[in-house]
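Overview (structure and organization)
One letter stands for each residue in the lines below.
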Amino acid sequence: MSEDNKKDPNSLGENFKFEQASSTDDSLQELHDQLQREKEEPSEGFAPLPLFMVTIIAALCFWAGVEITTKSAKFRWDVYDPNYVESAEPAGPVVYDPIAHGRRVYNTCVACHQAEGQGVPGAFPPLAGSDWVGMDPVVLSKIVINGLAGPIEVNGVPYNGIMAALGPTLDDEEVAAVLSYIRQSWGNDYGIVEESLVASVRADFGGRAEPWTAEELFAQ
Amino acid sequence: MESWDIIITLLIIAGFLFFLSAIIALYWAAKNGQFESIEKGARVVFDEDEPEGVEMDAFPQSKPKKQKNHS
Amino acid sequence: MDTTADTELNKSEGVTERVTLSKIDQSMKWAGIFFVASSVVWLMIGTIFALIASIKLHNPNFLASLEFFTFGRSRSAHLNAMIFGWANNAAFAVALWIMARLCKSAVRHGGLLLIAGIVWNIGVTIGVFGILTGGLTSVEWLEMPVAVTPILALAYIMIGVWSVVAFVHRQTGHVYVSQWYVLGGTFWFPWLYVIALVMILMVPARGVVQPITNWWFAHNVLGLWLTPIGLAAAYYMIPKVIGKPIYSYYLSLMGFWTLALFYNWAGIHHLIGGPIPIWLQTAGSVASVMMTIPVIVTGINHHMTAVGNASAVWRSPTLRFVVFGAISYTLTSLIGSAMALREVNEVTHFTHFTVGHAHHGVYAFFTMIMFGSIYFMMPRLLHKEWPSANLIYIHFWTTALGITGYVVALTIGGWIQGIQMNNPEIAFLDVVQNTVPWLTARTIFGVCITIGHIAFFIHFFWMLIGKTQPLNEGPTLLQRESDA
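In what follows, the accompanying structure is described. Remember, it's a predicted structure, so these values are computed and weren't measured experimentally.

**Concerning the overall build of chain B**
Along chain B, the regular secondary structure elements total two helices and zero strands. Within chain B, the fraction of its 71 residues that count as buried is 30%. Put simply, chain B shows about 4,600 Å² of open surface, and 66% of that area lies on carbon and sulfur atoms.

Now the structure itself:
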């Protein structure tokens, strides 16, 4: 059948009768149909991606873009929250709250002076409504830093115990904070204590090894 | 420079080279004509011993079906 | 079957001529047998530890007096025996064999490969033993004591280099997609392992960089090592057995390159909601979802190639397993992409859902494909037929039904667990109690799978050791009717 492949109309192949001028429309059509049914030679080419794949990929890329831009907090290393929104005003300096700090530091004192500053009768003096709490902050700082021992009288009630020195445990800020907290809790209403005052007390008396006695404190 | 710094530097360089090798591999593939004869490429798994159109596996002691692929 | 191209390996010139498939198979015979045999042994060891760990979760008193089998050790031993013992040995065998066949060059220095395999298995043995005696590192997927790393590294280098050498000496022009996947995996695996080892165990990074590295590593062992090997096998086996080329080969290449692009980032999805920068979490989620592109593409290829030939798939032991694996791949990957979305992750994280998903990937996808590949490969290496069709049926049905039940049980149980954990009204102990029936179901399905493994184990060694069967005229062995 190789003759069929020759397209030269002048060749006298087997079926040359189809190419005579007298061939009918029908026979011509049949020939053309045969030629049309012939598949193209397999050729190598670029096989395009199916359309639905293109759609899916495009949709995914769009989604990915949105996700990355909205949920990355601008690639900050210190943000873990996907809903992070940078506030309009720049964050101001954090205001230090000595009372809140003091409340935490007071956990050191709660074992003896109790949660509401009520103390333990006969053992530990109260802080709530105590006539000592309003004293000069220098005196209070001395007590906290170096401790207090010997007989004392608080609100008319005598106590004779030892309060340990907390100077080694608490730094100046913590001492100032806890004193401020005590002076403003449980009905007490006195001024806050500044860290600088505590620092100067520690500078003068921080090296003292002995706890204060009442005579020493009020003698000065 | 502690050992950590040295190591992380080396790893970052190595990582970058690794990534580069992937780019090079893709480029080589394109240059080498790997993406051209796609139809022929799919047929690389067949050859004279295990030709296209013949089923290559069956359960043991079963009658093998020798069906030519008609598609 | 001698053709003019069938010449002997020219050792003096170091030149490989095009050799017939059977010669390639024979050159890989001993290394292949060793790797597959080791993998089957490790499969049984890993299965035993799997059962122990599974039972302990709903019956904590089981073997409680034995220090070796405490849950932490059993579970870690199971994981490492399965990944580094079963999966890697099977991966080496199948990947090397496919590479050799597609490169049309016989294995040179097969003895070296055998030694590499022995060294690898010594390393894994010491490692698993180290875990059982309490020396585990407590880093997920890196539990084996650090001391075994040099052993594994040495073995891997020998195997990996072999793979590359085979590729360099290939006799074919076109690089088939399976070769791309095998080469990719060959390069990716040591990279992952070294980075994780250095940054977590040797010169530990500070703080959360460690878990970030850990999960990048662990997920990529699945995604950039096991997945490529599994896909390489599927892309070879499906067209080979059916006798028709892959449905859309162009799509398969695209699938490879998009996998290479996206998979690396996905591992962070293990840490969604954790104290790591949100952009990293988003990258993990986005990459995991973008993975649907290569998954759909691969799915189209595997399924459309198989779909018109369902009876051919059913008739072939290889394809029963491989097509099951391919379907599982699509399913588990799509579920995985969904799990990476924050809303879903809030429920599934820290639950058995993740465990079910992990086994869906490693078992229902990778392991089943390895089973199928081994069924195809061994007769060609040994020139023997598999002795028993019944054992294959048992193996297939127990593992297929077993893993399906396993994954369904943990998926449902894990989802319930997640919903309940997010509900502050429900006490934690109650949530734990509610998981027990699902965990018990898991053990039952695990026993079902174990039966299949026992059947496979027996069958494999029977074939190996048993007498040569009369050669079947079937297409499993490269004998044409004309040669019989």
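**Quick look at the overall build of chain C**
Helix and strand counts for chain C come out as 16 helices and zero strands. The globule rule puts the C-alpha radius of gyration for 484 residues at 23 Å, and the 22 Å found for chain C is close to it. Across its three principal directions, the C-alpha atoms of chain C cover 75 × 45 × 45 Å. Taken across its 484 residues, chain C has 63% of its residues classed as buried. Long-range pairs, those at least 24 residues apart, make up 82% of the contacts in chain C between residues at least 6 apart in sequence. Approximately 17,200 Å² of chain C is accessible, and the part contributed by carbon and sulfur atoms is 70%. Separation between the mean location of the 22 positive side-chain charges and that of the 17 negative ones in chain C comes to 3 Å.

**What about the environment of Val148 of chain C?**
Residues and elements named next belong to chain C. Assignment of secondary structure puts Val148 in the loop between helix H4 (110-132) and helix H5 (149-168). Assessed through its relative accessible area of 2%, Val148 is described here as buried. Here the alpha-carbon distance between Val148 and Ile412, two residues 264 residues apart in the chain, equals 38 Å. If sequence neighbours within four positions are ignored, Val148 has contacts with Gly123, Ile126 and Gly127.

**A closer look at the pairing of strand E2 (residues 157-163) of chain A**
Residues in a regular strand point their side chains to alternate faces of the sheet. Residue and element names in this part refer to chain A. Note that strand E1 (residues 148-154) and E2 share seven bridges and pair antiparallel. For Gly150, the partnering residue across the bridge sits in E2 and is Gly161. With antiparallel pairing between neighbouring strands as the criterion, E1 and E2 make up a hairpin whose turn holds two residues, including Asn155 at a positive phi of roughly 55 degrees.

**Regarding the nonpolar core**
The biggest cluster of nonpolar side chains holds 172 residues, and the ones touching the most others in it are Trp86, Phe217 and Met378 of chain C. Non-local contacts of Met378 of chain C, meaning those with residues more than four positions away in its chain, are made with Ile33, Val36, His383, Trp386, Phe460 and Met463 of chain C. In terms of nonpolar packing, the next biggest core, distinct from the first, is built from 20 residues, Tyr106, Cys109, Val133 and Val144 of chain A among them.

**Structural notes on the state of the cysteines**
Residues and elements named next belong to chain A. Scanning all chains against the criterion turns up zero disulfides over all chains. For Cys109, which is in no disulfide, the shortest distance to another cysteine sulfur is to Cys112 and amounts to 8.8 Å. By relative accessible area, which is 14% here, Cys109 ends up buried.

**A short note on the pattern of salt bridges**
Residues and elements named next belong to chain C. Evaluated as defined, the whole model comprises seven salt bridges over all chains. The partner of Asp25 in a salt bridge is Arg101, and the shortest N-O contact between them spans 2.9 Å. Note that Asp25 is positioned in helix H1 (residues 21-27) and Arg101 in helix H3 (residues 71-103), a separation of 76 residues in sequence. There is no split in this pair, since Asp25 and Arg101 are both buried.

Each value, and the rule that gives it
Residues numbered from 1 in each chain as written. Chains lettered and ligands numbered in written order. Predicted model: local features only at pLDDT ≥ 70, side-chain atom pairs only at ≥ 80, totals over all residues. Heavy atoms only, no water. Helix = DSSP H or I, 4+ residues; strand = E, 2+ residues; numbered from the N terminus. Buried < 20%, exposed > 50% of the residue type's maximum accessible area, 1.4 Å probe, protein only. Areas by Shrake-Rupley, 256 points an atom, 1.4 Å probe, with all protein chains shown as cover. Rg over C-alpha atoms; globule rule 2.2 N^0.38 Å. Contact = heavy atoms within 4.5 Å. Lys, Arg positive; Asp, Glu negative; His and termini not counted. Charge placed at Lys NZ, Arg CZ, Asp CG, Glu CD. Pairing = 2+ DSSP bridges. Core = buried A, V, L, I, M, F, W, Y, C linked by side-chain atoms within 4.5 Å. Disulfide = S-S within 2.5 Å. Salt bridge = Lys/Arg side-chain N within 4 Å of Asp/Glu carboxyl O.

Spatial relationships are all this shows, so hold off on functional conclusions.
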